[in-house]
Each structure stands twice: as structure tokens, then as C-alpha cells.
Amino acid sequence: MKKSLKIIGIVILINIILVALASIWAKGLKEDQKLTKEKMKLIIDAYPKFDESVSQFSDKRNILYENKEELYYETLSENYEYWSNFFTEYTEGIKNLEEAAKPLKGNCTVSFGDVNTNSKCTAFKANYEAAHNYYISDVKSLNKLIENYNKWCEKNDENEKILNKISYHIYKDYIDYDNDGEYFGKVEVSDNEK
């Protein structure tokens, strides 16, 4: 009889432990689900602002490429203030994009069970990478033109002023934000375009 009471006591103790572990696990699962839903809502709510900043950045970049054909050594010095101001505004666009990306950067690090949330994260990663890489390409392109212009002035003893290069913001090198092995938006400028 004592032996059977011990066995019943052990079985009851094991059941109590299993019930306690199951309730702790269920509570943790509910908490995890709650946090996941909060992250998903944050992504869905933050994405439109990011998308708008990408659109504004893209509009600025279109203006750059509409006027890029007007960049010549002979006129660069005359138009340098315009281009300097333009790139200041262009840099503000990338700063705004970076600010709008903050909530997405911290939360688009995992896959979610929701297709809408995952598509927003995928679009975010591609657009974020592309925007920064386009910006870097554009700054490199203008800086290469300024560098060649300064060499041209020195070589031809021109009385033009030496121009300063445009400084980078946030990233100085191309980024592979989504770690897919490609640098989306990276544009290497050929020598005949410089």
C-alpha cells in the first residue's frame, strides 16, 4: 500500500509539473503572438511613410538625370552653387528616407505568417538598398566629374576655382542590405559618362 501511495504521489507530482510547464509555455506563446502582432502592425503602419520618402527621393533623382546632360567642365564652375544646393536637397531626401526606415529596419528581420507584412518588408529591403546605392552612385559620379574638372583646370591653367567634392551621408560604400549577394541600385559610371 505504501508503495502504491508513493507511485500515485509521484504521478500526481509529475502531472503538476507538466501542467505548470504547459501553462508557462502557453503564456509565453501568447506573449510571443502578441509581440508579433504588434510588430506586424508597426510595419504596416510605418511602410506608407517610408514609401512616400522613397517616392520623393526618386522624384529628386529624376530631376538630377533630367539636368545631368548640362554638366560640362566649361559650365561646372558657373553652376556649382546650383549643384551644391541640389545635392544638399538630395541628401535631405536620403536622410528623410533613413528616418522613415528606422521602424522597418528593426522589425523586418524575420519572416511573418502574414503575406502582407512580408511583402512590405521585402519591398522595404529592396527600396532601401536601391535608394542608398543610387545615392552613392550619383555622389560618386558628380565627385568624379569635380575631380576631373579640377585636374582639367590645373592642366590647362584655367583661372577657374577649384571645386569641393560632395560629402556622403550615412553610407560611403554600396550596401547589400538584404544580403542576397547583389547590390541593387549600384551603378558604375563608365568613363565616357564622366
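Above this text you will find the structure in question.
Reading the values: rules and limits
Residues numbered from 1 in each chain as written. Predicted model: local features only at pLDDT ≥ 70, side-chain atom pairs only at ≥ 80, totals over all residues. Heavy atoms only, no water. Helix = DSSP H or I, 4+ residues; strand = E, 2+ residues; numbered from the N terminus. Rg over C-alpha atoms; globule rule 2.2 N^0.38 Å. Core = buried A, V, L, I, M, F, W, Y, C linked by side-chain atoms within 4.5 Å. Buried < 20%, exposed > 50% of the residue type's maximum accessible area, 1.4 Å probe, protein only. Disulfide = S-S within 2.5 Å. Phe/Tyr/Trp six-rings, centres within 6.5 Å; stacked < 30°, edge-to-face > 60°. Axes fitted to C-alpha atoms, helices over the stretch in contact; angles between N-to-C directions. Parallel < 35°, antiparallel > 145°, perpendicular 65-115°, else oblique. Left-handed = near helix turned anticlockwise from the far one by under 90°. Salt bridge = Lys/Arg side-chain N within 4 Å of Asp/Glu carboxyl O. Contact = heavy atoms within 4.5 Å. Nonpolar A, V, L, I, M, F, W, Y, C, P; charged D, E, K, R; others polar.

K.L.:
Lay out the overall build of the protein with the relevant residues and their values.
P.N.:
When its secondary structure is counted, the protein shows 3 helices and 0 strands. Ordered by position in the sequence, the α and β elements of the protein form the string α-α-α. For a compact globule of 194 residues, the expected C-alpha radius of gyration is about 16 Å, and the protein comes in at 28 Å, more than 25% above that figure. For the C-alpha atoms alone, the extent of the protein along its principal axes is close to 110 × 30 × 25 Å.

K.L.:
Please give an account of the nonpolar core that cites residues and values.
P.N.:
Grouped together as the largest cluster of nonpolar side chains are 36 residues, with contacts concentrated most on Phe 50, Phe 87, Leu 97, Leu 104 and Phe 124. Elements that contribute at least two residues to this core include exactly helix H1 (2-67), helix H2 (73-107) and helix H3 (115-155).

K.L.:
Lay out the state of the cysteines with the relevant residues and their values.
P.N.:
All told, the structure shown has 1 disulfide when counted by the stated rule. In this model, Cys 108 is linked to Cys 121 through a disulfide, with the two sulfur atoms separated by 2.0 Å. On the sign convention where negative means left-handed, the S-S torsion of about -75 degrees between Cys 108 and Cys 121 marks this disulfide as left-handed. Of this pair, Cys 108 sits in the loop between H2 and H3 while Cys 121 sits in helix H3; the two residues are 13 residues apart in sequence, bridging distant segments of the chain. Its relative accessible area of 3% is what places Cys 108 among the buried residues.

K.L.:
Talk me through the packing of aromatic side chains; I want residue IDs and the actual numbers.
P.N.:
Scanning the model with the defined rule gives 12 aromatic pairs in all. Between Phe 57 and Tyr 90, the aromatic rings sit 5.0 Å apart at their centres with planes inclined by 10 degrees, giving stacked as the arrangement. Within this pair, whereas Phe 57 is found in helix H1, its partner Tyr 90 is found in helix H2, the two being separated by 33 residues in sequence. Summarising the burial analysis for this pair, Phe 57 and Tyr 90 share the class buried.

K.L.:
Before we move on, can you summarise the packing of H1 against H2 with the specific residues and values?
P.N.:
Direction vectors running N to C along H1 and H2 enclose 160 degrees, while the axes themselves pass 8 Å from each other. Classified by the angle between their axes, H1 and H2 sit roughly antiparallel to one another. Like other packed secondary-structure pairs, H1 and H2 cross with a definite hand, here left-handed.

K.L.:
Lay out the pattern of salt bridges with the relevant residues and their values.
P.N.:
Applying the stated rule across the entire model yields 8 salt bridges. Among the ionic pairs, Lys 41 bridges to Asp 45, the shortest N-O distance being 2.7 Å. Separated by 4 residues within a single helix, Lys 41 and Asp 45 lie in helix H1, roughly one turn from each other. The partner of Lys 102 in a salt bridge is Glu 99, with the nearest N and O atoms 3.2 Å apart. Note that Lys 102 and Glu 99 are positioned in helix H2 at a spacing of 3 residues, about one turn of the helix. Each of Lys 144, Glu 147 and Lys 151 takes part in one network of salt bridges that share partners.

K.L.:
Just give me the short version of the packing of H1 against H3, but keep the residues and values in it.
P.N.:
Orientation of H1 relative to H3, taken along the N-to-C sense of each, is 30 degrees, at an axis distance of 10 Å. By the angle between their directions, the pair H1 and H3 is classed as roughly parallel. Crossing of H1 over H3 shows left-handed handedness. On H3, the residues touching Met 40, Ile 43, Ile 44, Tyr 47, Phe 50, Val 54, Phe 57, Arg 61, Leu 64 and Tyr 65 of H1 are Asn 116, Thr 117, Lys 120, Cys 121, Ala 123, Phe 124, Asn 127, Tyr 128, Ala 131, Tyr 134, Tyr 135 and Asp 138. Residues belonging to the contact of H1 with H3 are distributed by class as follows: 16 nonpolar, 3 polar and 3 charged.

What is shown is where atoms sit, not what they do.
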